[in-house]
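An overview of the molecular structure
Spelled out, the chains give:
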Amino acid sequence: MQIDQMPGLDQAKTILKETFGYKAFRLLQEQIISNALEGNDGLVIMPTGGGKSLCYQIPALVLEGACIVISPLISLMKDQVEALRQNGVTAAYLNSSLSGKEQLQIESDFCEGKIKLLYVSPEKLLTRDFFNVMKSVQLNLLAVDEAHCISQWGHDFRPEYTKLDFLKKQFPKVPVMALTATADKATRNDILKQLGVEGAETFLASFDRPNIDLNVRPAQGRIDAIISHIKQRPDESGIVYCLSRKSTEKVAAKLLAAGIDADFYHAGMPSDVRDKTQERFVRDDLKVVCATVAFGMGIDKSNVRWVIHHNLPKNLESYYQEIGRAGRDGLESKAVLFFSYGDIVQLQSFNADSSQKELLDAKLKRMQQFAEATTCRRKVLLSYFGEHLEENCGKCDVCRNPPKFMDGTILAQKALSASIRTGEKVGIGMLIDILRGSGRQELFQKGYHQIKTYGAGSNVPYFDWQHYMGQFLNLGLFEIAFDDHNTLRTTGLAKKVLKGDFPIHITRPETAEQRKARTDTPKKTKQQERSEELFVKLKTLRKEIAEAQGIPAYLVFSDATLNEMSAQRPTTDEDFIEISGVGQQKLEKYGTDFMKEIIAYIKAKTAEGEKIKGATHLVTYEFYKEGLSPEQIAEKRNLNPVTIYSHLSTLYEQGKEVDLAQFLTTEERGSITRGIEELKIEDSLKPLFEHFKEEIPYHKLRVALTLYKSEK
Ligand code: ADP
Ligand code: ZN
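Residues numbered from 1 in each chain as written. Chains lettered and ligands numbered in written order. Predicted model: local features only at pLDDT ≥ 70, side-chain atom pairs only at ≥ 80, totals over all residues. Heavy atoms only, no water.

**Some remarks on the overall build of the protein**
The following threshold applies: Each helix is a run of DSSP H or I of at least 4 residues and each strand a run of E of at least 2, with the numbering of both proceeding from the N terminus. The contact definition used throughout considers only heavy atoms, calling two residues in contact when any of these lie within 4.5 Å. Surface accessibility follows the Shrake-Rupley procedure with a 1.4 Å probe radius. Residue values consider only the protein chains on display as shielding. The positive count covers Lys and Arg only, the negative count covers Asp and Glu only, and His and the chain ends enter neither. To locate a charge, the coordinates of NZ of Lys, CZ of Arg, CG of Asp or CD of Glu are taken.
Regarding its fold elements, the protein presents 33 helices and 17 strands. Considering only contacts in the protein between residues 6 or more positions apart, those separated by 24 or more positions represent 70%. For the protein, the exposed surface amounts to about 33,400 Å²; the carbon and sulfur share of it is 50%. Of the charged side chains in the protein, 95 are positive and 96 negative, and the gap between their average positions amounts to 6 Å.

Have a look at this one:
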């Protein structure tokens, strides 16, 4: 059957628009939904933010009966249910956070067909009571969210998930949909096997997250860099991932001292304090969280605008998962990784005690290769997950500033020679100090100021030396003796280089201007500035509304929706519902408040004498209601009075309370009406103007014509 002839798919599209407020399906969503509507099992693999939820929510709403969603994370369940309710869908959840009485009520509602989507924890699902509930309702779909929890290979294995094979056995006719963001093959096969749905069609979406801008910077001076990054975007939410519990606290303290609204989060804190911090972040009461990897698992916050890695993650899986917490709403977001050799040393020492040392080291090496990439970073990242981008992404630091290569032989010789002359007793920092001829006391105490290469590289900035040393390490000229205070050792290759038998090609470091260009914020157009100003106002309104209901702000409208609203500035129901993310329910619930805010903003700008896009006649209406005459409004708005009369006529046509008749005498109205009837013209004023020998002004003609048409 052709997909576009599928019964139910039309209905699915209607629900997408009317309930969720979206115009089109994203890639694969349509196929996944069709597959479920046909009654088939499916395995959905999509990155975070890809739009997995709609894949099961829409079939659940199209098909008769109800859907059960198995979900392991209590906080996510609550969020999903609230999001559905906001869109007018009857949904509920069952887990240990509810009292027995509350659970009974929900079960009875479910049995009575009052709930279309029921989220259930695996523990609850496996109880006998709940099994009886399942037997007594018509099920249309069984969705297994976070399905990787089924696999021992996965990172958050849940023993209860291995018992989910009873679903297919007990309900063979109900389609099962498993969903996960984990792509590796072993996990995929495990999911299919353990759920007993080997025949399920697999839908594998691209793992690319094109809205996340990838950046890597040297770790030196990272705190200042982080502070300046945050200060450039004071309204944005973000996460700073740190390697240790202690460093989350330290970094948070430094950010706080710089006047930034930051706090820390790690697994060593009392759980109630931790939960509160997370809650504040989710509700936009806290802008920045400095956290260990423990943070982010159970949060669905869609408007995290940036993720910073204060330290190198231990592998690319973690990195990908952590940056994936940014930009779930699809808006532009930023990932910045600060890279230092010190972190590699530390991570290697963690690995040293593991029985899987080799595997862990290999993964760390791939992480390091990403950080040191001289080609498109997105290509490097995706190739790790088995995907191959055809073109460079254009949205990573390497694409923006492709490295330029240079001859580094002399620099390498200087560094090698200096290291050898210390007896290979120094680490990177001291070696650079020697080369730069630093006056550091320790250097003098050890007599390093007397060696021949002292100051041999004094014309090269510290930052650049760091860049070169990183490359010399990669090229294998040096090794770090991790077991001897991380001092540098020269290798066999070093001799060849010193003799001049082995030319060294390295990339140029960023110039100071490049660095500056990277950190400077680009200039904005007036329109953008206005949209951003309005965005802030709409966000404040959203927060008030969310707080009154005790829900996170992004459940009212996502940032993406508010963004579009601030740019389009809708002021009528028809325009408002055109905004992506506004469905019928949200239009009814929130439309008036948001449109009021938009009109007030346009009016305020207009009163300041600015011409601003959107709802110009509504601004006129606001002044009219204050009792101003059309001429006064025209003066205030710096517009021609004819335009104001035209606005008032439009408002009249739209049914607003405008007393148009007052602008004409009875005689004027009578004679213009006769003119209209004689000429039989209703859509243009010019013939009328000429008909009256240019003696009746345009604005009177406009008003009379409007009155004439509305009476007809
Ligand atoms: P996942 O569960 O895969 O991480 P979600 O289901 O939470 O992702 O979806 C991420 C965001 O994308 C949500 O804000 C969701 O409303 C939005 N979204 C999903 N499908 C569409 C679509 N077809 N058009 C526009 N936005 C969508
Ligand atoms: Zn790129």
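**Here's the deal with the site of ligand 1**
Where we set the bar: Near, as used in this document, describes a residue that has one of its heavy atoms within 4 Å of the molecule or strand being considered. Identification of polar contacts relies on pairs of N or O atoms within 3.5 Å, with a donor-acceptor requirement for protein atoms, meaning one able to donate a hydrogen and the other able to accept it, and with residues adjacent in sequence counted only if both atoms are side-chain atoms.
Ligand 1 sits among 14 residues. The nearest are Tyr22, Ala24, Gly49, Ser53 and Arg328. Glycine 49 places a main-chain nitrogen or oxygen 2.6 Å from an oxygen atom of ligand 1. Between arginine 328 and ligand 1, the recorded distance is 2.6 Å, taken from a side-chain N or O atom to an oxygen atom. When ligand 1 is considered free in solution it has 570 Å² of accessible area, and contact with the protein chains removes 82% of it.

**Focus: the coordination of the zinc ion (ligand 2)**
Each donor-metal-donor angle in an ideal tetrahedron of four donors is 109.5 degrees, and each such angle in an ideal octahedron of six donors is either 90 or 180 degrees. In plain terms, the rule: Only N, O and S atoms count as donors, using a 2.8 Å cut-off from the metal and 3.2 Å for Na, K and Ca, and because water is excluded some sites may appear unfinished. A four-donor site is classed as tetrahedral when every donor-metal-donor angle falls between 85 and 135 degrees; four donors are called square planar, and six octahedral, when trans pairs exceed 155 degrees and all remaining angles lie between 65 and 115, with any other arrangement labelled irregular. The cut-offs for exposure are 20% and 50% of the maximum accessible area for each residue type, with area from a 1.4 Å probe on protein chains only; residues under the lower value are buried, those over the upper are exposed, and the others partly exposed.
Bound to the zinc ion (ligand 2) are the protein donor atoms Cys376 (SG), Cys393 (SG), Cys396 (SG) and Cys399 (SG), situated 2.3 to 2.4 Å from the metal. In this structure, the zinc ion (ligand 2) is surrounded by 4 donor atoms whose angles at the metal cover 101 to 121 degrees, and the resulting shape is tetrahedral. Along the chain, the residues donating to the zinc ion (ligand 2) are arranged with the sequence spacing C-x16-C-x2-C-x2-C. Within this pair, whereas cysteine 376 is found in the loop between helix H15 (357–371) and helix H16 (377–384), its partner cysteine 393 is found in the loop between H16 and helix H17 (397–400), the two being separated by 17 residues in sequence. Judged by its relative accessible area of 3%, cysteine 376 falls in the buried class. Judged by its relative accessible area of 25%, cysteine 393 is partly exposed.

**Re the packing of helix H31 (residues 666–679) against helix H33 (residues 698–711)**
Heads up, the rule is: Every angle, taken between N-to-C directions, lies between 0 and 180 degrees, and every axis is a line fitted to C-alpha atoms, over only the stretch in contact when it is a helix. Just so you know how the angles are binned, under 35 degrees is roughly parallel, over 145 roughly antiparallel, 65 to 115 roughly perpendicular, and the rest oblique. Asp, Glu, Lys and Arg are counted as charged, while Ala, Val, Leu, Ile, Met, Phe, Trp, Tyr, Cys and Pro are counted as nonpolar; the rest, among them Gly, fall into the polar class.
Look at H31 against H33: their axes get within 10 Å of each other, and the N-to-C directions meet at 70 degrees. Accordingly, the angle class assigned to the pair H31 and H33 is roughly perpendicular. Residues Glu668, Arg669, Ile672, Thr673, Ile676 and Glu677 of H31 form the contact with H33, whose participating residues are Lys700, Leu701, Ala704, Leu705, Leu707, Tyr708 and Glu711. Here the contact of H31 with H33 is composed, by residue class, of 7 nonpolar, 1 polar and 5 charged.

**A few points about the nonpolar core**
The following threshold applies: To form a nonpolar core, buried Ala, Val, Leu, Ile, Met, Phe, Trp, Tyr and Cys residues must be joined to one another through side-chain atoms within 4.5 Å.
Core analysis: the largest hydrophobic core is formed by 131 residues, its most contacted members being Ile58, Ile68, Leu117, Leu125, Tyr319, Phe472 and Phe478. It is helix H3 (residues 52–62) that provides the largest number of residues to this core, a total of 7 residues. Leave out the neighbours within four places in its chain, and phenylalanine 478 touches Ala415, Leu416, Ser419, Leu431, Met469, Phe472, Leu473, Leu488, Arg489, Thr490 and Thr491. Membership of the second largest hydrophobic core comes to 67 residues, among which are Phe535, Leu538, Phe663 and Ile676.

**Overview of the sheet that holds strand S2 (residues 66–70)**
So the rule is basically this: A pair of strands is considered paired only if DSSP assigns at least 2 bridges between the two.
Across the sheet, 7 strands lie side by side as S3-S4-S2-S5-S6-S1-S7; this open sheet has parallel pairing. Each edge of the open sheet is held by one strand with a lone partner, namely strand S3 (91–94) and strand S7 (201–204). Neighbour-to-neighbour, the strand axes of the sheet open up by a mean angle of 20 degrees, direction not taken into account. Two strands pair when backbone bridges link them, and strand S1 (residues 42–45) and S7 are joined in this way by 4 bridges, in the parallel orientation.

**Some words on the pattern of salt bridges**
Rules: Any carboxyl oxygen of Asp or Glu that lies within 4 Å of a side-chain nitrogen of Lys or Arg is treated as forming a salt bridge with it.
For the coordinates displayed, the defined rule picks out 34 salt bridges. In this structure, arginine 377 and aspartate 397 form a salt bridge, with 2.7 Å as the shortest nitrogen-oxygen distance. Of this pair, arginine 377 sits in helix H16 while aspartate 397 sits in helix H17; the two residues are 20 residues apart in sequence, bridging distant segments of the chain. Of the charged contacts in the structure, one is a salt bridge between arginine 702 and glutamate 653, with a shortest N-O distance of 3.8 Å. Of the two residues, arginine 702 is situated in helix H33 and glutamate 653 in helix H30 (residues 641–653); the sequence distance between them amounts to 49 residues. Each of Asp284, Lys301, Arg305, Asp329, Arg542 and Asp559 takes part in a single network of salt bridges with overlapping partners.

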